[in-house]
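Survey of secondary and tertiary structure
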Amino acid sequence: MDGIFNVLKPPGMTSHDVVGAMRKILQMKKIGHAGTLDPMAAGVLPVFTGQATRFLEYAAHDRKTYRAELTFGFRTDTGDLEGKVLAQSPVRDLDLTRLQETLQSFVGEGMQVPPMYSAISVGGKKLYKLARQGIEVEREPRPITIHHLSLLTYRGKTLLFEVTCSKGTFIRTLCEDIAKKLGMEGTMSFLLRTQVGDFTLENAHTLEEIKQDPQGTALSLDVVLRHFPHREVNDIQARRIAQGVATTVRGIEEGQLYVIELKGHGVIGLARAKQGRLCPHKIIYIPE
């Protein structure tokens, strides 16, 4: 099966665990996921199967939306409830106006130091592996963008907020930074990813639902390819492009990626326009 699944990842499973479960359900090995979710987190996890895995890079959209709970009063080494407490502070009552202003101060472009418990590599070693050995290394701040950040509920010790941010943003670190700016320690106590690009919580499916109806829960490649312009080509052009030959096609824009379609057969793959010709980029179907 060549397709895409919008999996509703449950808390307690790693993203790799979800891929393993999908391999058992579909009885196939060629499966990958886009946009890793922390084990304790739940929510949208795009999973690609078969030939669709070649288009995984186009599922890692720049914008992702989360709902997160920040618990004040302590900070852990992992940045969530699964870690060891490193620091504590009194929990202060917050004025809603100041709280809103603080949240809004994070909106826009900024820099963020990635946490030690992350899959980022430093010197060829994964940070989380070093962290498990009790080793902490210096991390360079990385540029991030917070597009939207809003308060949902505040109950004195906990703060629930919604954030839309760029890929590469660590919500655990954002929680710690918000708490610090409010004069307290803080830790992420809940995380739900509600959207990754066009993949939303509303159209996600549990692993059990996918197991019961794999065909009915699968999405077409169009989910990630519809943002590219499409070009329908004839039999000869399709065969040439699929076989690696740069082929002249009218009305194409230099450097642009195009979804190449052959009437009656659907998508052949992606091709890039170079000097008036379409050059194969990712081919999934070769016409006979």
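The preceding data block contains the structure.
The present account deals with the structure reproduced in this document. Just so it is clear, the structure is predicted and the values come from calculations on it, not from any experiment. Numbering of residues starts from 1 in every chain and runs along the sequence as written. Since the coordinates come from a predicted model, pLDDT governs what is reported: local features require at least 70, and pairs of side-chain atoms require 80 or more to be given and counted, while whole-chain, interface and lining totals use all residues. Only hydrogens and water are set aside; all other atoms, that is, all heavy atoms of the structure, feed into the side-chain values.

Glancing now at the layout of surface pockets. Any residue with an atom within 4 Å of a point lines the site, the site being either a cavity, points on a 1 Å grid over the protein atoms alone where a 1.4 Å probe fits but cannot get out, or a pocket, an open set with protein on both sides within 12 Å along at least 5 of 7 lines. Grid points are joined across faces, edges and corners, and a volume is the space filled by probe spheres set on the points. Reported here for the largest pocket is a volume of approximately 950 Å³. Lining the largest pocket are 31 residues, and of these Thr36, Asp38, Ser118, Ala119 and Arg172 sit closest to its centre. Think of it this way: any DSSP run of H or I at least four residues long counts as a helix, any run of E at least two long counts as a strand, and we number them from the N terminus. Going through the elements one at a time, α1 (15–26), β4 (63–72), α3 (127–132), α4 (171–181) and β12 (186–196) are the ones with two or more residues in the lining of the largest pocket. In this structure, the second largest pocket encloses a volume near 570 Å³. Those elements that place two or more of their residues in the lining of the second largest pocket are β5 (74–76) and α4. Among the elements that take part in the lining of the second largest pocket, α4 stands out by supplying five residues, more than any other.

Time to look at the nonpolar core. Put simply, a nonpolar core is a bunch of buried Ala, Val, Leu, Ile, Met, Phe, Trp, Tyr and Cys residues held in one set by side-chain atoms that sit within 4.5 Å of each other. Only protein chains enter the accessibility calculation, which uses a 1.4 Å probe; a residue is then buried when its area is under 20% of its type maximum, exposed when over 50%, and partly exposed in between. One finds Leu159, Phe161, Val163, Ile171 and Ile178 to be the most contacted residues of the largest nonpolar core, which totals 28 residues. Elements with a contribution of two residues or more to this core: β4, α2 (96–104), β10 (142–154), β11 (158–166), α4 and β12. Of the residues forming this core, the biggest block, five residues, is contributed by α4. Contact definition: two residues touch when any of their heavy atoms are within 4.5 Å. Discounting chain neighbours no more than four positions away, the residues touching isoleucine 178 are Leu70, Thr102, Leu103, Phe106, Leu149, Leu159 and Phe161. Among the nonpolar cores identified, the runner-up in size contains 19 residues, and Ile4, Val196, Val223 and Val259 belong to it.

Time to look at helix α8 (residues 235–242). Taken together, the buried positions of α8 are Gln237, Ala238, Ile241 and Ala242. Down the axis of α8, the sector holding all buried residues measures 125°, keeping them to one side. Turning to α8, the residues buried within the fold contact β14 (230–233), β15 (247–248), β16 (257–262), β17 (266–274) and β18 (277–283). A 3.5 Å cut-off defines polar contacts: any pair of N or O atoms within that distance qualifies, except that in protein one atom must be a possible hydrogen donor and the other a possible acceptor, and neighbouring residues in sequence count only when both atoms are side-chain atoms. Residue asparagine 234 occupies the N-cap position of α8, its side-chain oxygen lying 3.2 Å from the main-chain nitrogen of isoleucine 236. Positive phi appears at glycine 244, one or two residues downstream of α8, with a value of about 95°. What the arc measures is the spread of directions leading from the helix axis to the C-beta atoms.

Any two rings among Phe, Tyr and Trp, with Trp reduced to its six-membered ring, count as a pair given centres within 6.5 Å; such a pair is stacked if its planes are under 30 degrees apart, edge-to-face if over 60, and tilted if neither. Per the stated rule, a full pass over the model turns up two aromatic pairs. With 6.4 Å between their ring centres and 35° between their planes, phenylalanine 55 and tyrosine 58 make a pair best called tilted. As far as the burial class goes, phenylalanine 55 and tyrosine 58 line up, both buried. Judged by its relative accessible area of 14%, tyrosine 58 falls in the buried class. In textbook terms, an aromatic cluster arises when at least three aromatic residues are bridged by ring pairs, as seen for Phe55, Tyr58 and Phe228.

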